[in-house]
Each structure stands twice: as C-alpha cells, then as structure tokens.
2 protein chains.
Amino acid sequence: MIDTATFGARLDAAARARQSVVCVGLDPDLARLPEAVWHGVRSGPAGTARAVERFCNGIIEAVAEHAVAIKPQLAFFEAIGPPALSALERICESARAAGLLVVLDGKRGDIGSTSAAYASAYLAPGVEGSGPRGDALTVNPYLGDDGLEPFVATSRAHGRGLFVLVRTSNPGAADVQDQQLSGGGTVSGRLAALVAELGAGGIGRAGISDVGAVTGATVPGMLPALREAMPNAPFLLPGVGAQGGRVEDLAPAFAPGPAGGLVSASRGIVQAYEQLGGKPEEAARAEASRLRELAWGLTR
Amino acid sequence: MIDTATFGARLDAAARARQSVVCVGLDPDLARLPEAVWHGVRSGPAGTARAVERFCNGIIEAVAEHAVAIKPQLAFFEAIGPPALSALERICESARAAGLLVVLDGKRGDIGSTSAAYASAYLAPGVEGSGPRGDALTVNPYLGDDGLEPFVATSRAHGRGLFVLVRTSNPGAADVQDQQLSGGGTVSGRLAALVAELGAGGIGRAGISDVGAVTGATVPGMLPALREAMPNAPFLLPGVGAQGGRVEDLAPAFAPGPAGGLVSASRGIVQAYEQLGGKPEEAARAEASRLRELAWGLTR
C-alpha cells in the first residue's frame, strides 16, 4: 500500500487515467438507505454497519468508472459505532481495488502530539483491523502550524496528502474564516498562506502539492484569490448539489491542471435516486457520469 | 443515563461533592505503557485495545477519589483501531460507575448535518456497542455558528455539555487564534463572544452554562479577559504539567465558583511513575491528590 510517488503526482495520474475530477462523498444517512440493504441484517450496530457497507460498496461499484476518488465522512460511521469503522476499513479497500483514491473526511486537528496520533491513525499504513486508511485526510487548522506539521510529516512519508480547511462551504464560515485582519487580508487568507508554505516541500512531478485546501464550491468568487495564494495546492471543492454550488463556476481551481481540484458531491450522487427514480446504484452512476463530463470540461 | 439537570449543574454538584476540579486526561501512549498491562494479550489491534483498557481502568481506579472527570483523547484510541473504541466505551462506563464525568476530547466540528452526526455519536444516549459516550465533548469552531449549533442542541437535550476551542495551549495557537481583527479584538475573542451567545440558553442553577471553552493553562495572562467575555462558561484548562502550565496561575477561571474550571493534566498524572517511581497507579494517585489540593485552593 505504500506508494513513494507524491500524493500530487498520484492524484494527477489518477485524474488523467480516469478522465475525471469527481469525488463521491459517502455520508450514509440511515433514514434514507434503500430498504434492500437492510435485508437479513440483525438489529444493533453490527447489523447497521453491514447495511451501510452493502450500500457503500454498491455506490462504489456504480460510480467507479466515472469518479477518481471517494470521500467517506467519518462522522456518519462514528455515529453507528466501532463496527462501522471496521466496515469502513473494508469499504476503503474496495474503493482502492476499484482504482479510486480515498479521501477520509474527518476534519481532525489538535496539538502536535495528538495530531501525530491522528496522522498515524488515518495516513500511515496499518495492520488489518486497525480501521480505515486514506490516501488523504481533511484537517482543521484552528490550532495553527504546530498542529498541522505532524499531519504533513506522516502524509509526506507515505505518499499521502492533506486537505486543510481554508474556506468551507457552509454559511457560518463567514463568522470566522472571512473576518478581516488588522494587518490586511482575512483569516482564511492567512491560512491559505500557511497551506502554501507547508506544501512547498511536497510538490511533485505534476506541480501539485501534497498539502491541499478545502475551498467550498458555494463561494466560487473566492477561488481566483485562493488559487493565487496556493498555486500548487489541490482544492477539495465540496458543496456542489445539495448545498447549492455549481460545477460551471469552479474553473479557477483547475488552473494548474486536472489535479487542481476534486469536485465533491455527496447527497447529490448518493441520493440521486430520490430525484431520478430507479435503482440507487443506477441513479448514482448517471449523476456521477453527468458531473464527470461537466467537471472534466473545466480542466481543458 | 439521561439526566435532565443541565451540564453546568451536574458539573457544579460533582465538583462540590468530590471537592475537586481535577480532570485526568487519558492519552495512552503505547510506547510508555507499563509492561504488566501487556501480559497475555494477543498481538494486533484487539490485544492492544485490551492492554490499554487495563491501563486506563487502573488509572481510573487510582485517581477516582481525587478527580471530578476523565478526559480520554480519542486520537490515541482511533490510532489503535475499532477495538480500542469498543474498549473506550467500557472505560467510560467504568469512569461513570466510579462517579466521574467523562469529557471526550475529540475536537470535532463540521458543517451542520455532519456536526449533528458527531453530536449523535458522542453526546446522545446510545445502545451498547455503539462506541464511547461523553458527558461533554470538545469541539472545534473554525466552521462558525452553524457548525456548532447541532452540538449545542444535542448536548442540551441530554444534560451534556461542550468545550469549544477558544484559545488552545500550544505555541502555534498564536498563528490563528491571536490574530488581531480590523474591527478590534482577536479571533479567539470573537469566538469567546460566540461561546457566550450559544451558552446563554443553557445556564443552569449554579450559574454555569452547558457551553464551555477550552482555554489553555499555558496562557494564564489571557484568562481574565476570557472570563469577562464568557462569565458563565466552564473552562477546560489543559496544558498543566508536560506543556508547562502552572495551576497557581489559573484562579481567574474560578470566578463563578468551583465549576468554573476543569484543571486538566494528562501525561503529568498518567506518566507520573516515570518521575516518582513505584507503581503507575500509586504515582498517578499521588500526583492527582497533589494537583487536587493545589487546584481546589483556587476555588475558595
């Protein structure tokens, strides 16, 4: 599982091979899982984990040809319990077997010694049964540079990557991230500079760094400035679909090439059957295919 | 397990009953576990989880009379794998049986729908086997108010609490949290105001809110201003001991009474045997007792 190519080079190669920059978010909402996945499972956390595993594997199989990555949202697995984290370990292996990168969406962040433990949990190779492993992890920068450095060190050592929250897709992001600083710029602008600095040592062959940024698809007007501040960072672009972001507006992210961005949709793909009807897997495939074409057009 | 008393009232009652404001952090560092806990365990995540469970239960038994709460650091359990989260569920039950409150240190935070899943995972009552549950959880506010509100709603509904990161104990906190805003004040000052606002609806009998703040013991000079901005918030005060914070400097936190603060030490207690010699449990008990007396003196 260890790959000594940089994360940026791996992302670039995967996007070009698959001709896709689509990242499919897996945020399994138990109330909305199709009935079929519950067939024959016991009640309790282990049974629920089994149903979620079936559902996620079905989605992975359906979208694999159109996506370059999946992004499991750890919260939804943690809410079920430890058996769901064991299931997620297997789901990540299925995704990798299908040629997809795995971006674990955990938004972790802490003081140095604790960040090192999180990095070891999610970004270092692990033995079987030790939980899900990502090709990349989302991290929260509120604790500053010494809270981020262990994540950079571990991911870089193993050809993995990070997506640091810079400007998130939710309305409340303005409360903190858009605040103007007395020295000029904004909080998110300052963090963008930190991302560029941390990523400078991990820019691989394709000109794409192993330290990326989460930049919400809901605020496309900010993308040109963010791209200027972080010329080599891959952007994880959540918020397309359910949150209102439009793929057409994301072109500035792709200035450095196809690996400049991952267009991430979760509910819009996984719950597409609620809009399109038919089988969940077929609806997810159709929606992933539509998104792929739209987004790939931005990279040329 | 549901308690309709507010978290603040529960914290106040527990601190007065135990005459302690000491919170013992459980950050099990595998390389430093005493040899005895490894006796007879299998290799692999399940065996490691068993050793950690033994160690933590030993610490809980040793410190219970001197502490009011334990604070397991989720990262160290996640780094072992899902069996360690099952072990932590049992460890939390042991702590509650010993009369201790449980503060889960997970520093979670995300957009609204995902924060709701984290809140359900750690702050709502759950079935057996669904993972650790806390009386309180640490949360990260970088995503702003709509990322925090689901945590407030869930904790308030169940008599649980939150500790929102405001000014953390690490050096890099200055990078982001101490930044001056053009409208006056700092980033952490703005978040302090948000904590006060979110907590206003959850101030119980003792005048202590269910929305608290993480305020590092390493920057005691900031405590008076933080206390003024958040008059009813309980402060979680990490950084005593290994990180250099001194208990003697923390008096401003306790202006509203004994439940005004939790003095949190992790390595200083759990690894006290490395300094004091003797059995780990006895060294932890001695150090917890010393810290208890020192800290309780601040509350009078």
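Everything numeric in this text was worked out from a predicted model, so none of it was measured. (Residues numbered from 1 in each chain as written. Chains lettered and ligands numbered in written order. Predicted model: local features only at pLDDT ≥ 70, side-chain atom pairs only at ≥ 80, totals over all residues. Heavy atoms only, no water.)

**Some details on the overall build of chain A**
Argument step 1. When its secondary structure is counted, chain A shows twelve helices and eight strands.
Argument step 2. Taking 2.2 N^0.38 as the reference for a compact globule, 300 residues should give roughly 19 Å; the C-alpha atoms of chain A span a radius of gyration of 18 Å, in line with that estimate.
Argument step 3. Over its C-alpha atoms, taken along the principal directions, chain A stretches across nearly 60 × 40 × 35 Å.
Argument step 4. Looking at the 300 residues of chain A, the share that counts as buried comes to 63%.
Argument step 5. Within chain A, counting contacts between residues at least 6 apart in sequence, those at least 24 apart form 72% of the total.
Argument step 6. Carbon and sulfur atoms provide 51% of the accessible area of chain A, an area that totals close to 10100 Å². (Helix = DSSP H or I, 4+ residues; strand = E, 2+ residues; numbered from the N terminus. Rg over C-alpha atoms; globule rule 2.2 N^0.38 Å. Buried < 20%, exposed > 50% of the residue type's maximum accessible area, 1.4 Å probe, protein only. Contact = heavy atoms within 4.5 Å. Areas by Shrake-Rupley, 256 points an atom, 1.4 Å probe, with all protein chains shown as cover.)

**Considerations on the environment of Val68(A)**
Residues and elements named next belong to chain A.
Argument step 1. Along the chain, the position of Val-68 falls in the loop between helix H2 (45-63) and strand S2 (69-72).
Argument step 2. When its relative accessible area of 1% is taken as the criterion, Val-68 is described as buried.
Argument step 3. C-alpha separation for the pair Val-68 and Val-21, spaced 47 residues apart in sequence, amounts to 5.9 Å.
Argument step 4. With residues near it in sequence (within four places) discarded, Val-68 still touches Ala-14, Ala-15, Ser-20, Val-21, Val-22, Leu-100, Leu-101 and Leu-262.

**Observations concerning the interface of chain B and chain A**
Argument step 1. Residue-level contacts link 61 residues of chain B with 62 residues of chain A.
Argument step 2. Summed over both partners, the interface of chain B with chain A comes to about 4600 Å²; 56% of that surface belongs to carbon and sulfur atoms.
Argument step 3. Sorting the residues of chain B by area buried against chain A places Pro82(B), Tyr142(B) and Leu143(B) first, and these three jointly supply 16% of that buried surface.
Argument step 4. In this assembly, chain B and chain A are joined by four salt bridges.
Argument step 5. Glu78(A) is the partner of Arg108(B) in a salt bridge, and the nearest nitrogen-oxygen pair spans 2.7 Å. (Buried area = accessible area lost by both parts, 1.4 Å probe. Salt bridge = Lys/Arg side-chain N within 4 Å of Asp/Glu carboxyl O.)

**Some words on the packing of helix H2 (residues 45-63) of chain B against helix H12 (residues 280-296) of chain B**
Residues and elements named next belong to chain B.
Argument step 1. At their nearest, the axes of H2 and H12 sit 8 Å apart, and the two run at 40° to each other. As the angle between them shows, H2 and H12 are arranged oblique. Where H2 crosses over H12, the two elements pack in a sense that is right-handed. On H12, the residues touching Gly-58, Ile-59, Glu-61, Ala-62 and Val-63 of H2 are Glu-281, Ala-284, Arg-285 and Ala-288.
Argument step 2. Across the contact of H2 with H12, the residue classes break down as five nonpolar, one polar and three charged. (Axes fitted to C-alpha atoms, helices over the stretch in contact; angles between N-to-C directions. Parallel < 35°, antiparallel > 145°, perpendicular 65-115°, else oblique. Left-handed = near helix turned anticlockwise from the far one by under 90°. Nonpolar A, V, L, I, M, F, W, Y, C, P; charged D, E, K, R; others polar.)

**Quick look at the side chain of Lys107(A)**
Argument step 1. By the element assignment, Lys107(A) lies in strand S3 (residues 101-108).
Argument step 2. Apart from the residues lying within four places of it in its own chain, the contact partners of Lys107(A) are Gln73(A), Thr138(A), Val139(A), Asn140(A), Leu165(A), Gly109(B) and Asp110(B).

**Some remarks on helix H6 (residues 145-157) of chain A**
Quick reminder: α-helices carry 3.6 residues per turn. Residues three or four places apart thus point the same way.
Residue and element names in this part refer to chain A.
Argument step 1. Taking 1.5 Å of rise per residue, 13 residues should cover 18 Å, and H6 covers 18 Å from first to last C-alpha, within 8% of that figure.
Argument step 2. Turning to H6, its buried residues number three or more, namely Asp-146, Gly-147, Leu-148, Pro-150, Phe-151, Val-152, Thr-154 and Ser-155.
Argument step 3. Directly beyond the C-terminal end of H6, a positive phi value near 70° is found at Gly-159. (Expected span 1.5 Å × (residues − 1).)

**Thoughts on the relation of the copies chain B and chain A**
Argument step 1. Aligned on chain A, chain B shows an RMSD of 0.0 Å; the corresponding rotation is 180° and the shift along the axis is 0.0 Å. What the superposition gives is, in effect, a two-fold axis relating one chain to the other.
Argument step 2. The residues that chain B uses at the interface reappear at the interface of chain A in 100% of cases, marking a shared surface. (Least-squares fit on C-alpha atoms with pLDDT ≥ 70 in both.)

**Remarks on the side chain of Ser115(B)**
Residues and elements named next belong to chain B.
Argument step 1. The residue Ser-115 is located in helix H5 (residues 112-123) in this model.
Argument step 2. Owing to a relative accessible area of 0%, Ser-115 belongs among the buried residues under this scheme.
Argument step 3. Leaving out residues up to four positions away in the same chain, Ser-115 has contacts with Gly-109, Asp-110, Gly-147, Pro-150 and Phe-151.

**Remarks on the pattern of salt bridges**
Argument step 1. The final tally for this structure, using the stated rule, is 32 salt bridges over all chains.
Argument step 2. With its nearest N and O atoms 2.6 Å apart, the salt bridge here joins Arg10(B) to Asp135(B). In this pair, Arg10(B) is assigned in helix H1 (residues 7-18) and Asp135(B) in the loop between H5 and strand S4 (136-139), connecting sequence segments 125 residues apart.
Argument step 3. Residue Arg10(B) is classed as buried on the basis of its relative accessible area of 16%.
Argument step 4. Connected via shared salt-bridge partners are Arg10(A), Glu93(A), Arg96(A) and Asp135(A).

**Concerning the packing of aromatic side chains**
Residue and element names in this part refer to chain A.
Argument step 1. Overall, the coordinates contain two aromatic pairs over all chains when judged by the stated rule.
Argument step 2. Look at Phe-7 and Phe-163: their rings are 6.0 Å apart centre to centre, the planes differ by 85°, and that puts the pair in the edge-to-face class. Here Phe-163 lies in strand S5 (residues 161-167) and Phe-7 lies in helix H1 (residues 7-18), a separation of 156 residues in the sequence.
Argument step 3. Stacked on the ring of Phe-235, the Lys or Arg Arg-227 has its end atom at 3.8 Å from the ring centre. (Phe/Tyr/Trp six-rings, centres within 6.5 Å; stacked < 30°, edge-to-face > 60°. Lys NZ or Arg CZ within 6 Å of the ring centre and 35° of its normal.)

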